[in-house]
Structures are given as C-alpha cells and as structure tokens.
Amino acid sequence: NLGEITVESGSILYSLRDRYESLPEASKQLVTNISVLEEAEELYAKLIEETGEKARQVIEMIEAIGEVTLDKEAAILRAREAYDALEENIKAEISNYDKLLAAEEALELLKQQLDGMGEITSQLDEIVAQIHAIAADDTQVTAQNAPAIAPLLNQLSQLISAQTPEDQALLASYSRMADVYRIT
C-alpha cells in the first residue's frame with residue numbers, strides 16, 4: 001500500500017517506477033504487486049489533470065532524476081517527453097528546466113565515455129554472452145549450471161574492479177547483472 005496519493009506523490013511514484021524499470025526482466029516477473037504502483041500512477045495522473053498541476057508533475061519528474069547515471073536514461077527521456085508535451089504557457093512554469101538540460105547533457109557525456117571504453121565493454125559483453133548461453137536469465141540458474149557460471153561472474157567482477165572508480169560507475173549495469181546472477 002502506497003498510502004494516500006496526492007499531487008505531492010509524484011517524486012515517490014517516479015522513484016518507484018525507475019527502480020522497477022531498472023530491474024532485469026526476470027526480476028520484474030517476481031514483482032507481484034506492480035498493479036499497486038500502476039493504480040497509484042493512474043490516480044496521480046488523474047489528480048494532476050483535475051487540479052491543473054501539469055507543471056508540478058514535470059517539475060517532480062525532473063527532480064526525481066537525481067544523480068545522472070546511465071540507468072537514469074529512461075527517467076530523463078520521460079521528463080523530456082512530459083516537458084515537450086506541455087503547452088508553451090505551462091513550460092514557462094517549469095522552474096527546474098535547467099536541471100533537465102543538465103541531466104540530458106550529463107547523460108550524453110556518460111554515453112560518450114562508455115562508447116570510449118570499447119575494449120572493456122566488448123570483453124564484458126563476451127562474458128555476458130557466455131553467461132546467457134548457460135542461463136538466459138537469473139531464473140534459469142540451477143545447481144547444475146551454477147558451477148559453470150561462477151567463474152564467468154568472477155571474470156566479470158575482476159574486469160570491472162580493474163577499472164578506475166569513474167569507469168566502474170559507467171559499468172554499473174554489468175555489476176548489477178552479476179549481482180543478480182549471484183543472488184540466485
């Protein structure tokens with residue numbers, strides 16, 4: 001239960017949606033109460049429409065972006081789409097539009113940095129492909145195939161650990177994937 005949904009609930013709902021969207025597909029299937037979030041999002045959208053609070057909704061979407069990482073791309077794109085859908089007179093009410101512009105710029109820079117890591121990402125992609133050949137997702141890890149996956153996960157972790165802290169942050173999606181397979 002998310003409690004009472006009000007026009008101030010946007011940032012919490014956006015944060016929950018972003019956390020859900022960042023899960024691997026197999027983990028999303030384990031979330032049995034996603035309908036609670038979907039219903040809350042629908043109610044929030046109706047409240048915003050009824051109260052004429054479209055500007056507040058976009059402001060909260062932008063605020064919910066927080067620290068820009070590659071994982072925040074969907075949130076940044078949603079905020080941009082919501083902003084672009086506003087009427088011109090409402091766009092003027094978006095007090096944190098500069099944050100959206102800065103987030104888009106930072107995301108583009110992170111993507112360029114990741115592209116510049118071609119050799120390491122190629123190696124990591126090869127290891128991930130080997131893992132997926134054994135178990136397409138974390139729900140397919142069994143006692144029989146886990147011993148074959150474990151050394152690949154170690155290779156993945158070692159490659160990431162050998163990078164600078166800044167590069168490790170760019171490779172966070174690989175680390176999360178490894179963590180999900182380890183937990184299983």
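None of the values given here were measured: they were computed from a predicted structure.

Let us look at the overall build of the protein. A tally of helices and strands in the protein yields 11 helices and 0 strands. Along the protein, helices and strands appear, N-terminal first, in the series α-α-α-α-α-α-α-α-α-α-α. Principal-axis analysis of the C-alpha atoms places the extent of the protein at approximately 55 × 35 × 20 Å. Here the protein holds 184 residues, and 34% of them are scored as buried. Of the contacts formed within the protein by residues at least 6 apart in sequence, a portion of 69% connects residues at least 24 apart. For the protein, the exposed area adds up to about 10,700 Å²; of that, 52% sits on carbon and sulfur atoms.

Time to look at helix α8 (residues 118-134). In this model α8 runs 24 Å from its N-terminal to its C-terminal C-alpha over 17 residues, within 8% of the 24 Å that 1.5 Å per residue would give. Inspection of α8 places Ile120, Thr121, Leu124, Ile127, Val128 and Ile131 among the buried residues, and these make up the whole buried set. Along α8, the residues classed as buried sweep out an arc of 125° about the axis, all on the same side. For α8, the exposed residues set more than 90 degrees away from the buried face come down to Glu119 and Ala133.

The next thing to look at is the nonpolar core. With 47 residues, the main nonpolar core has Ile65, Ile131, Leu156 and Tyr181 as its most contacted residues. Of all the secondary structure elements, the ones that give two or more residues to this core are α1 (10-21), α3 (34-51), α4 (54-65), α5 (73-85), α7 (97-115), α8, α9 (146-161) and α11 (172-183). Sort the elements by how many residues they give to this core and α4 lands first, with 6 residues. Residues in contact with Tyr181, not counting those within four places in the same chain, are Ile131, His132, Ala135, Ala136, Asp137, Asp138, Val141, Ile149 and Leu153.

A few words now on the pattern of salt bridges. As a working rule, side chains carrying opposite charge can pair if their charged atoms are close by. Considering all chains together, one arrives at 15 salt bridges under this definition. Notably, a salt bridge pairs Glu41 with Arg17, separated by 2.7 Å at the nearest N-O pair. Taken together, the residues span a long stretch of sequence, with Glu41 in helix α3 and Arg17 in helix α1 at a distance of 24 residues. In this structure, Glu104 and Arg80 form a salt bridge, with 2.7 Å as the shortest nitrogen-oxygen distance. Of the two residues, Glu104 sits in helix α7 while Arg80 sits in helix α5, which places them 24 residues apart along the sequence.

Moving on to the environment of Ala45. One can find Ala45 in helix α3. Considered as a pair, Ala45 and Gly10 are 35 residues apart in the sequence and their alpha carbons are 9.1 Å apart.

Along the chain, Leu13 turns up in helix α1. A sequence separation of 67 residues divides Leu13 from Arg80, and the C-alpha atoms of the two residues are 17 Å apart. Not counting the four nearest positions on each side in its chain, Leu13 is found in contact with Leu2, Ile5, Leu37, Ala40, Glu41 and Tyr44.

Attention shifts here to the side chain of Asp18. Residue placement: Asp18 occurs in helix α1. Since its relative accessible area comes to 15%, Asp18 is described here as buried. When sequence neighbours within four positions are dropped, the list of residues in contact with Asp18 reads Ala64, Ala75 and Arg78.

Our focus in this paragraph is the packing of α4 against α7. One way to put it is that α4 packs onto α7 with a least axis distance of 9 Å and a crossing angle of 40°. Of the possible angle classes, the one that applies to α4 and α7 is oblique. Handedness of the α4/α7 crossing: left-handed. Across from Ile62, Glu63 and Ile65 in α4, the residues of α7 making contact are Tyr97, Lys99, Leu100 and Ala103. Tallied by class, residues from the contact of α4 with α7 come to 5 nonpolar, no polar and 2 charged.

Basis of the calculations
- Residues numbered from 1 in each chain as written.
- Predicted model: local features only at pLDDT ≥ 70, side-chain atom pairs only at ≥ 80, totals over all residues.
- Heavy atoms only, no water.
- Helix = DSSP H or I, 4+ residues; strand = E, 2+ residues; numbered from the N terminus.
- Buried < 20%, exposed > 50% of the residue type's maximum accessible area, 1.4 Å probe, protein only.
- Contact = heavy atoms within 4.5 Å.
- Areas by Shrake-Rupley, 256 points an atom, 1.4 Å probe, with all protein chains shown as cover.
- Expected span 1.5 Å × (residues − 1).
- Arc of directions from axis to C-beta.
- Core = buried A, V, L, I, M, F, W, Y, C linked by side-chain atoms within 4.5 Å.
- Salt bridge = Lys/Arg side-chain N within 4 Å of Asp/Glu carboxyl O.
- Axes fitted to C-alpha atoms, helices over the stretch in contact; angles between N-to-C directions.
- Parallel < 35°, antiparallel > 145°, perpendicular 65-115°, else oblique.
- Left-handed = near helix turned anticlockwise from the far one by under 90°.
- Nonpolar A, V, L, I, M, F, W, Y, C, P; charged D, E, K, R; others polar.

Geometric descriptors of this kind do not, in isolation, establish any biological role.
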